[in-house]
Amino acid sequence: MRIDILTIFPEYFISPFKYGVLARAIDKGIIKINPINLRDFTHDLHRTTDDRPYGGGEGMVMKIEPIFEALSYLQQEYDEKGLVILLTPSGKLFNQKIAYKLSKEKRLIFICGRYEGVDARVSEHLSDLELSIGDYILSGGEPAVLVVIDAIARLIPGVLGKFQSTSEESFSNGTKGLLEYPHYTRPREFMGWKVPDILLSGNHSKIAKWRKNKSLEITLKNRPELLKSLDLSEEEKELLKKIKNEQ
Ligand code: SAM
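Residues numbered from 1 in each chain as written. Predicted model: local features only at pLDDT ≥ 70, side-chain atom pairs only at ≥ 80, totals over all residues. Heavy atoms only, no water.

A.B. asks: Just checking my understanding: could you explain the overall build of the protein for this structure?
C.D. replies: Looking only at helices and strands, one finds eight helices and nine strands in the protein. Relative to a compact globule of 247 residues, whose C-alpha radius of gyration would be 18 Å, the protein shows 23 Å and is clearly more extended. In terms of overall dimensions, the protein has a C-alpha envelope of 70 × 45 × 40 Å along the principal axes. Each of the 247 residues in the protein was classed as buried or not, and the buried ones make up 42%. (Helix = DSSP H or I, 4+ residues; strand = E, 2+ residues; numbered from the N terminus. Rg over C-alpha atoms; globule rule 2.2 N^0.38 Å. Buried < 20%, exposed > 50% of the residue type's maximum accessible area, 1.4 Å probe, protein only.)

Laid out in structure tokens, this is it:
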């Protein structure tokens with residue numbers, strides 16, 4: 001997958017792609033990251049990428065022309081036009097389902113806003129999708145793009161090692177969209193805090209049941225709204241009822 005990032009801070013992306021899963025994906029040639037400096041698509045002495053908002057108000061707005069020129073350049077340069085994604089707090093809320101969908105694309109082009117945001121004509125005429133990574137305001141689209149790329153890249157076949165799986169994680173098919181059960185590792189006891197006995201029992205069906213129970217318990221405690229949209233089995237509904245009664 002080729003990923004272009006339109007930004008006024010291309011250096012921002014130097015270090016995050018040097019580590020872990022993303023670095024391996026780049027080394028293996030599975031993803032290619034191409035930060036593009038929007039200032040390279042300006043024509044004035046100060047390389048201006050923002051201006052005052054029409055209608056008045058505080059702050060500056062990112063201009064459409066450098067974004068339009070950068071996109072035209074990128075889309076001519078390569079056969080695959082790519083899906084153009086604008087990062088904005090008013091976009092669709094990014095989640096694992098969207099990450100799966102985007103992991104199938106051959107090319108993604110991200111636009112990072114700054115200041116008060118981007119001239120609205122970018123979303124009206126140039127972008128295919130607007131994404132938000134959560135209900136809070138960041139100072140720029142760059143950290144949001146990193147979050148989105150990380151979540152997408154690890155779902156592309158070949159990126160994770162053979163001992164890592166994406167199907168048993170929170171929000172995935174394997175956990176039916178529930179939050180994941182807790183994990184423990186050595187030592188068996190630390191400061192008097194013990195690993196649950198069941199995990200040391202070697203009884204796989206009991207362990208699976210315990211994990212399912214824990215998934216339901218944690219989802220009910222931290223994200224009860226998720227339970228409403230899940231297709232739970234009768235057994236899981238019963239378990240949930242039991243957990244609620246015990247609380
Ligand atoms: N005035 C905008 C508003 O109230 O919605 C906020 C602009 S924010 C300070 C500047 C840029 O950061 C945005 O254009 C966007 O690219 C990025 N950004 C901020 N919060 C974000 C979020 N939750 N998800 C995605 N991008 C975000």
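A.B. asks: Sorry, what's going on with the packing of aromatic side chains here?
C.D. replies: When we look at a pair of aromatic rings, we describe it by the centre distance and by the angle of the planes. For the coordinates displayed, the defined rule picks out four aromatic pairs. Here the aromatic residues Tyr-12, Phe-13 and Phe-17 are joined through ring pairs into a cluster of three or more. (Phe/Tyr/Trp six-rings, centres within 6.5 Å; stacked < 30°, edge-to-face > 60°.)

A.B. asks: Explain the environment of Glu-65 here, please?
C.D. replies: Relative to the assigned elements, Glu-65 resides in helix α2 (residues 64-77). Between the alpha carbons of Glu-65 and Arg-52 there is a distance of 14 Å; along the sequence they are 13 residues apart.

A.B. asks: Where do I start with the pattern of salt bridges in this structure?
C.D. replies: Tallied over the full model, the rule gives 14 salt bridges. Between Arg-121 and Asp-119 there is a salt bridge; the shortest N-O distance is 2.7 Å. Looking at Asp-119, the relative accessible area reads 16%, which means it is buried. In this structure, Glu-169 engages Arg-154 in a salt bridge whose closest nitrogen and oxygen atoms are separated by 2.8 Å. With Glu-169 in the loop between α5 (141-153) and β8 (189-190) and Arg-154 in the loop between α5 and β8, the pair connects residues that are 15 residues apart, well separated along the chain. Through salt bridges that share partners, Arg-2, Asp-4, Glu-77 and Arg-107 make up one connected network. (Salt bridge = Lys/Arg side-chain N within 4 Å of Asp/Glu carboxyl O.)

A.B. asks: Teacher, can you tell me more about the pairing of strand β1 (residues 2-7) here?
C.D. replies: In regular strands, side chains alternate between the two faces of the sheet. For β1, the buried fraction is high: six of the six residues fall into the buried class. Taking every second residue as pointing to the same face, both faces of β1 are buried, with Arg-2, Asp-4 and Leu-6 on one and Ile-3, Ile-5 and Thr-7 on the other. Bridge analysis of β1 against strand β2 (residues 32-37) gives six bridges, and the strand direction is parallel. Looking at the pairing, Asp-4 lines up with Asn-34 of β2. At this point the chain moves from β1, through helix α1 (residues 20-27), to the parallel β2, and the crossover so formed is right-handed. In this structure, β1 lies alongside strand β6 (residues 107-111), joined through five bridges in parallel fashion. (Pairing = 2+ DSSP bridges. Right-handed = clockwise from strand over helix to strand, strands pointing away.)

A.B. asks: Looking at this structure, I do not really get the site of the ligand. What am I missing?
C.D. replies: In the neighbourhood of the ligand, 19 residues make up the surrounding shell, with Leu-87, Gly-113, Glu-116, Tyr-136 and Leu-138 lying closest. Here Gly-134 contributes a backbone N or O atom positioned 3.1 Å from a nitrogen atom of the ligand. Residue Gly-140 places a main-chain N or O atom 3.4 Å away from an oxygen atom belonging to the ligand. Burial of the ligand by the protein chains amounts to 83% of its free accessible area of 580 Å². Sorting the residues of the shell around the ligand by element identifies β5 (83-93), β7 (129-132) and α5 as the ones contributing at least two each. Among the elements that take part in the shell around the ligand, β5 stands out by supplying three residues, more than any other. Within the shell around the ligand, the residues separate by chemical class into nine nonpolar, eight polar and two charged. (Near = heavy atom within 4 Å. Polar contact = N/O pair within 3.5 Å; in protein donor to acceptor, adjacent residues only side chain to side chain. Areas by Shrake-Rupley, 256 points an atom, 1.4 Å probe, with all protein chains shown as cover. Nonpolar A, V, L, I, M, F, W, Y, C, P; charged D, E, K, R; others polar.)

Interpretation in functional terms is not warranted from these geometric data alone.
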